[in-house]
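Given next are the chains, with one letter for each unit.
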Protein chains: 2
Amino acid sequence: MPLPGKKRRYHHGDLPTALIDTAIELIDEKGVASFSLAEASRRLGVTVAAPYRHFADRDELLAAVAARAAREAAVAIRAESGTEDAPAEQLAGLARGYVRFAVTKRALFQALFGAGLDKPKYPDLAAAAEQVASTAFPPAIELCGGDKAAGADLAMTVGAVAHGFAMFLLDGEFGTGDGMVDKVAGQASQAVHDLIRGRLSR
Amino acid sequence: MPLPGKKRRYHHGDLPTALIDTAIELIDEKGVASFSLAEASRRLGVTVAAPYRHFADRDELLAAVAARAAREAAVAIRAESGTEDAPAEQLAGLARGYVRFAVTKRALFQALFGAGLDKPKYPDLAAAAEQVASTAFPPAIELCGGDKAAGADLAMTVGAVAHGFAMFLLDGEFGTGDGMVDKVAGQASQAVHDLIRGRLSR
DNA sequence: GTCTATACCCGGATAGAC
DNA sequence: GTCTATCCGGGTATAGAC
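Residues numbered from 1 in each chain as written. Chains lettered and ligands numbered in written order. Predicted model: local features only at pLDDT ≥ 70, side-chain atom pairs only at ≥ 80, totals over all residues. Heavy atoms only, no water.

### Describing the interface of chain B and chain A
In step 1: Across the boundary between the two partners, chain B contributes 27 residues, which contact 27 residues of chain A.
In step 2: Here chain B and chain A share an interface that buries about 2,300 Å² over both sides, 65% of which is from carbon and sulfur atoms.
In step 3: For the pair chain B and chain A, the interface holds 6 salt bridges.
In step 4: Where Asp194(A) meets Arg202(B), a salt bridge forms, and the shortest distance between an N and an O atom there is 2.7 Å. (Contact = heavy atoms within 4.5 Å. Buried area = accessible area lost by both parts, 1.4 Å probe. Salt bridge = Lys/Arg side-chain N within 4 Å of Asp/Glu carboxyl O.)

As structure tokens, then:
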């Protein structure tokens, strides 16, 4: 019976999940680039051969991490955009949630965009990523008066804006103050508002 | 006397520059992550020890590549935004130029943003990056009626928008069609226009 | 300024025992 | 499902000769 508050290590119960958890820890500590199966194995107290029973190779484990990332991102984003009623507010909330997710779940975000994965190769990942994208489409299409092509264009634009702010923030381009995350998340949300207002008045 | 059209290899003339050129080739071929001094040395026909006379380590060479990237980016962006007269057009041109640069000079762009460099550690790089940023400020401040804080905010927003489109495009999120580059560059430029119009009508 | 040689460390991945 | 053992390849970085 594991003590509460004591981080539980691998108990020969579920190595795949333990590997994913450990991968996230390691990515948090040293970045995706230097993540290795060997180090994850060491930290879990299993040998380097063990992971290969569950994942074909390093990339397949990273893809599993990325898939979890996409699922969590979808949840986090919906939590910030789903409470809104107006479609413009939903898209602005999406951008805010996206930026916050990138920073608070740095490792997951890195697995999603910094691992150099060939996404089409991993169906689970592709499907999970689709869920994120699909959050943006309905409100975007609504704002475009039902025009699906224009809505898709707007949705991608909002995604790009959110992504740009998130990347700049992670990269330190905004500096590293304490309230910086909220400030930039607000900036992203404001940018989406401006963008929509400007677009509708074209 | 090197034949015209025949790519010149290293002639014991300028190893530092030759290393930078070769690094760019290699990054183009396999990405920054897998770039190594060893392979660059091999390709140039020098031993692995030679580069260490000129660069302290791998990161210092990558920083030199990144610094060149920033200088070239500043030139490329000015070429697309400097011909315009209206500040809004200048910022839209900047976004278009940024996206085009990211794709046409993929390796340089990767050195700038994908190498995980501690930018403050490399003064040349920081200075060159500053030049890029400084392109956006004057028109942004002008659009904000001289308000420097608001101008800085707008400039960063435009940069983030351009960056987001560029990253999504490189990542394949827009698909990989032939006219995709121009299409997305146009989308980025349009987004900046919309953003500015919306912002001014707040 | 470059080479030879080398020490060192690390990761990926597999075969075969248990 | 995990371990032991091992092979293989690769990169970083240095010392010392030329």
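### What to know about the packing of aromatic side chains
In step 1: Across all of its chains, the model carries 10 aromatic pairs over all chains by this definition.
In step 2: When the centroid spacing of 6.2 Å and the interplanar angle of 70° are considered together, the rings of Phe168(A) and Phe174(A) count as edge-to-face. The residues Phe168(A) and Phe174(A) share a single accessibility class, namely buried.
In step 3: A ring pair is formed by Phe165(B) and Phe174(B), whose centres lie 6.0 Å apart and whose planes are at 10°; its orientation type is stacked.
In step 4: According to the relative accessible area criterion, Phe174(B) is buried, its value standing at 12%. (Phe/Tyr/Trp six-rings, centres within 6.5 Å; stacked < 30°, edge-to-face > 60°. Buried < 20%, exposed > 50% of the residue type's maximum accessible area, 1.4 Å probe, protein only.)

### A word on the packing of helix α7 (residues 148-170) of chain A against helix α8 (residues 180-200) of chain A
The axes of two packed helices give the description: the angle between them and the distance between them.
Residues and elements named next belong to chain A.
In step 1: Look at α7 against α8: their axes get within 10 Å of each other, and the N-to-C directions meet at 155°. Considering their axes alone, α7 and α8 lie roughly antiparallel with respect to each other. For the element pair α7 and α8, the recorded crossing hand is right-handed. Contact with α7, carried on its side by Ala150, Asp153, Leu154, Thr157, Val158, Val161, Phe165 and Leu169, involves Met180, Val181, Val184, Gln187, Ala188, Ala191, Val192, Leu195, Ile196 and Arg199 of α8 and no other residues of that element. (Axes fitted to C-alpha atoms, helices over the stretch in contact; angles between N-to-C directions. Helix = DSSP H or I, 4+ residues; strand = E, 2+ residues; numbered from the N terminus. Parallel < 35°, antiparallel > 145°, perpendicular 65-115°, else oblique. Left-handed = near helix turned anticlockwise from the far one by under 90°.)

### Digging into the pattern of salt bridges
In step 1: Scanning the model with the defined rule gives 28 salt bridges over all chains in all.
In step 2: Between Arg43(B) and Glu29(B) there is a salt bridge, and its shortest N-O distance comes to 2.8 Å. Linking Arg43(B) in helix α2 (residues 37-44) with Glu29(B) in helix α1 (residues 15-30), this pair joins segments that are 14 residues apart in sequence.
In step 3: Judged by its relative accessible area of 29%, Arg43(B) falls in the partly exposed class.
In step 4: Several salt bridges converge on common partners, so that one network encompasses Glu80(A), Arg96(A), Arg100(A) and Asp182(A).

### A short note on the relation of the copies chain B and chain A
In step 1: When chain B is fitted onto chain A, the two copies agree to an RMSD of 0.0 Å after a turn of 180° and an axial shift of 0.0 Å. Accordingly, the operation relating the two chain copies is best matched by a two-fold axis.
In step 2: Here 100% of the contact residues of chain B are again contact residues in chain A; the copies associate through an equivalent surface. (Least-squares fit on C-alpha atoms with pLDDT ≥ 70 in both.)

### Thoughts on the packing of helix α3 (residues 58-81) of chain A against helix α6 (residues 123-143) of chain A
All names here are of chain A.
In step 1: Taken N-terminus to C-terminus, the directions of α3 and α6 make an angle of 15°; their axes are 8 Å apart at the nearest point. Of the possible angle classes, the one that applies to α3 and α6 is roughly parallel. Where α3 crosses over α6, the handedness of that crossing is left-handed. Between α3 and α6, the residues in contact are Ala63, Ala66, Ala67, Ala70, Arg71, Ala73, Ala74, Ile77, Arg78 and Ser81 and Asp124, Leu125, Ala128, Ala129, Gln131, Val132, Ser134 and Thr135, respectively.
In step 2: Classifying every residue of the contact of α3 with α6 gives 11 nonpolar, 4 polar and 3 charged. (Nonpolar A, V, L, I, M, F, W, Y, C, P; charged D, E, K, R; others polar.)

### Re the environment of Leu169(B)
Residue and element names in this part refer to chain B.
In step 1: Note that leucine 169 resides in helix α7 (residues 148-171).
In step 2: Considering only alpha carbons, one finds leucine 169 and valine 184, 15 residues apart in sequence, at a separation of 7.4 Å.
In step 3: In contact with leucine 169, other than residues within four places in its own chain, are Val99, Val103, Phe174, Met180, Val181 and Val184.

### Considering α7(A)
Residues and elements named next belong to chain A.
In step 1: In this model, α7 (23 residues) spans 32 Å end to end at C-alpha, consistent with the 33 Å of a helix rising 1.5 Å per residue.
In step 2: Within α7, 17 of the 23 residues are buried, which leaves the element mostly enclosed by the surrounding structure.
In step 3: The N-cap residue of α7 is aspartate 147: its side-chain oxygen and the backbone nitrogen of alanine 149 are 3.1 Å apart.
In step 4: Of the residues trailing α7, glycine 172 is marked for its positive phi of about 85°. (Expected span 1.5 Å × (residues − 1). Polar contact = N/O pair within 3.5 Å; in protein donor to acceptor, adjacent residues only side chain to side chain.)

### What about the environment of Val75(B)?
Residue and element names in this part refer to chain B.
In step 1: Looking at the secondary structure, you find valine 75 in helix α3 (residues 58-81).
In step 2: Residue valine 75 is classed as exposed on the basis of its relative accessible area, which comes to 59%.
In step 3: Along the sequence, valine 75 and aspartate 147 sit 72 residues apart, while their C-alpha atoms lie 26 Å from each other.

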